Amino acid sequence: TAHSSYLCSVIVGLSACCSSALVGGAQACCDVSATSRYRLSWLQMDLVAGLTVGLTTVPQALAYAEVAGLPVQYGLYSAFMGGFIYTVLGTSKDVTLGPTAIMSLLCASYVGGNPVRAVLLCMLCGAIQTTMALLRMGFLLDFISYPVIKGFTCAAAVTIGFGQVKNVLGLNNIPRGFFLELYYTFYRISEARTGDVVLGLLCLAVLVMLTWMKRTLNPRSEQDTTVARVAHGLVWGTATVRNALVVVAASLVAFSWNAFGSPVFTVTGKTSRGLPPFRIPRFSETTPNGTVISFGEILEDFGGGLAVIPLMGLLESIAIAKAFGSQNDYRIDANQELFAIGLTNIMGSFVSAYPVTGSFGRTAVNSQTGVCTPAGGIVTGVIVLLSLAFLMPAFYYIPKASLGAVIICAVAPMADYSVVLKLWRTRKQDLVPFLTTFLLSFWEVQYGIVGGVIVSGLMLLYNIARPSIKVSDHGVLVMELDSGLSFPSTEYLSRVLYTQALQGECVCGCIRL
């Protein structure tokens, strides 16, 4: 069939691309990525994990496309390529690549809901990430400090979550931008649609309840009876695929009301049917009035996004890979992870994807389901492709309120404000870059990241130029530095040395580093 031919052509292209990359030196360093040593005993767990993640990916991808300001099908276009590429090049058995809340928010900031620019941005980000991997420039991620990351993720959770309140309330034509959304949402709250409010709150309640049930579920025990094990598996499975269940149930409700001639819900509406065409991204854009926007002008509009989005994508994915590698006792190759993400974005741009990275939520589901190798991503990718091929007409009836509820519940754990107390207790100075990033991110997310990095850099330079010094007099003047000696601090150290020597009884001094 046409669909199977499309899938085969994609897989063949990926195989050729990935094979040449492997020959060029991008060999996997971890056994879990060595598909040539695959064992049949792993197949069952990979199939179950891939199916579970696939049922989580489809509703999340649709919802994240809303965050990016793109038609919902672009979320699915972005969700399948990572599974195929990461199976060959990935060094973590758990990581799943696809659309995420943070990357969708960043994409919305730079492309303004323009699909052509979103796809081109995906290719450019992939090219930058791949180049960084080949040049082994992963060390640049070390300059994005922990307080900056936490400040950004907390602000992103608030921005993304509140941005979906309008969908839960059934409000349309709310302008973008956190402060504008805040103002107009409350200003027009009297226009809220009763059907959307009831459905959205009901979806939120069900998602919160299922999340709580999964979190409080006791682990299985060998002493459990068969009935207890079945009940445990049923509760765990239902809670794991809660997003899909809620979206399907809400869509059936919306379809039923529409069938009786009472469209009380705001639905997603018409979407493009079928699989995306496999083609080179467009490097120019034509406006409705016939004006051609050149590639150079588009690059100028992207501006700092060509640095912010690739770096944040790499940072998010590698942090997830390292966390689960530590949890499950294996090591990853950071540069090869960069290469896998970069190649995913490059190849994804040929199927109309926007920038993707590793997803913490779906990676957690993958790990908890017991995945054995990255091959589970193939199953996830196939499920997304099947959804595109056969289920797109059904997506017409998905209520926006249900997608808003899915996003709010997905980003809520990102708002970890306990980090403020943690920073206060450990190192109060780190609150400065945290608050800078957090507050500026409400203005524009890119300003928050850049501002936080600049503040962190200035604090780092200040500590180098003004090192902490302990001075003691033991017949000779002894100076102990808490860090190495560098040229920005020489004048400061000389001044301290002369001042202390003149105040003491001895003039001779000794410096101990």
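Here the structure is a predicted model, which means the values were calculated and not measured.

Undergrad: Would you mind going over the overall build of the protein with me for this structure?
TA: Check the secondary structure of the protein and you find 22 helices and 7 strands. Over its C-alpha atoms the protein spans a radius of gyration of 26 Å, differing by no more than 12% from the 24 Å that the globule rule assigns to 513 residues. Once the C-alpha set of the protein is aligned to its principal axes, its extents read approximately 95 × 65 × 60 Å. By residue count, 50% of the 513 residues in the protein fall in the buried class.

Undergrad: Sorry, what's going on with the pattern of salt bridges here?
TA: Two side chains that carry opposite charge are able to pair once their charged atoms sit near each other. Applying the stated criterion to the full structure yields 8 salt bridges. The partner of Glu285 in a salt bridge is Arg117, with the nearest N and O atoms 2.9 Å apart. One end of the pair, Glu285, is in strand 2 (residues 285–286); the other, Arg117, is in helix 6 (residues 115–134), and 168 residues separate them in sequence. Pair check on accessibility: Glu285 and Arg117 agree, each one buried. In this structure, the salt-bridge partner of Asp196 is Arg193, at a minimum N-O distance of 3.0 Å. Since its relative accessible area comes to 31%, Arg193 is described here as partly exposed. Connected via shared salt-bridge partners are Arg117, Glu285 and Asp301.

Undergrad: For this particular structure, what's the right way to read the packing of helix 7 (residues 146–163) against helix 19 (residues 418–426)?
TA: In a pair of packed helices, the angle between the axes and the distance between the axes together describe the arrangement. The geometry of helix 7 relative to helix 19 is characterised by a closest axis approach of 11 Å and an angle of 160 degrees between their N-to-C directions. As the angle between them shows, helix 7 and helix 19 are arranged roughly antiparallel. The way helix 7 lies across helix 19 gives a crossing that is left-handed. Here Tyr146, Pro147 and Lys150 of helix 7 come into contact with helix 19, specifically with Val419, Lys422 and Leu423. Residue composition of the contact of helix 7 with helix 19, by class: 4 nonpolar, no polar and 2 charged.

Undergrad: What is the right way to read the packing of helix 5 (residues 101–111) against helix 21 (residues 445–465) from this model?
TA: Orientation of helix 5 relative to helix 21, taken along the N-to-C sense of each, is 110 degrees, at an axis distance of 9 Å. Classified by the angle between their axes, helix 5 and helix 21 sit roughly perpendicular to one another. For the pair helix 5 and helix 21, the contacting residues are Leu105, Leu106, Ser109 and Tyr110 in the first and Val445, Gln446 and Ile449 in the second. Taken together, the residues that form the contact of helix 5 with helix 21 break down as 5 nonpolar, 2 polar and no charged.

Undergrad: Any chance you could explain the confidence of the model for the protein here in plain terms?
TA: When pLDDT drops low, the exact placement of atoms in the prediction is not to be read closely. For the protein, mean pLDDT is 82; residues scoring 70 or higher make up 90% of the total. Across residues 14–34, confidence stays below pLDDT 50; counting only partners more than four residues off in sequence or on other chains, it has 40 contacts. In the model, residues 506–513 has pLDDT below 50 throughout and makes 20 contacts with residues more than four positions away in sequence or in other chains.

Undergrad: Hey, could you run me through unusual backbone geometry in this one?
TA: Only a minority of non-glycine residues have a phi that is not negative, and only a minority of peptide bonds are not trans. Residues other than glycine seldom take positive phi values, yet Arg136 does so here, at roughly 55 degrees. Checked against the element boundaries, Arg136 lands in the loop between helix 6 and helix 7. Using a relative accessible area of 56% as the deciding quantity, one classes Arg136 as exposed. In the Ramachandran plot, Asn173 falls in the positive-phi region, its phi being about 60 degrees despite a non-glycine side chain.

Thresholds applied
Residues numbered from 1 in each chain as written. Predicted model: local features only at pLDDT ≥ 70, side-chain atom pairs only at ≥ 80, totals over all residues. Heavy atoms only, no water. Helix = DSSP H or I, 4+ residues; strand = E, 2+ residues; numbered from the N terminus. Rg over C-alpha atoms; globule rule 2.2 N^0.38 Å. Buried < 20%, exposed > 50% of the residue type's maximum accessible area, 1.4 Å probe, protein only. Salt bridge = Lys/Arg side-chain N within 4 Å of Asp/Glu carboxyl O. Axes fitted to C-alpha atoms, helices over the stretch in contact; angles between N-to-C directions. Parallel < 35°, antiparallel > 145°, perpendicular 65-115°, else oblique. Left-handed = near helix turned anticlockwise from the far one by under 90°. Contact = heavy atoms within 4.5 Å. Nonpolar A, V, L, I, M, F, W, Y, C, P; charged D, E, K, R; others polar. pLDDT = per-residue confidence, 0-100.

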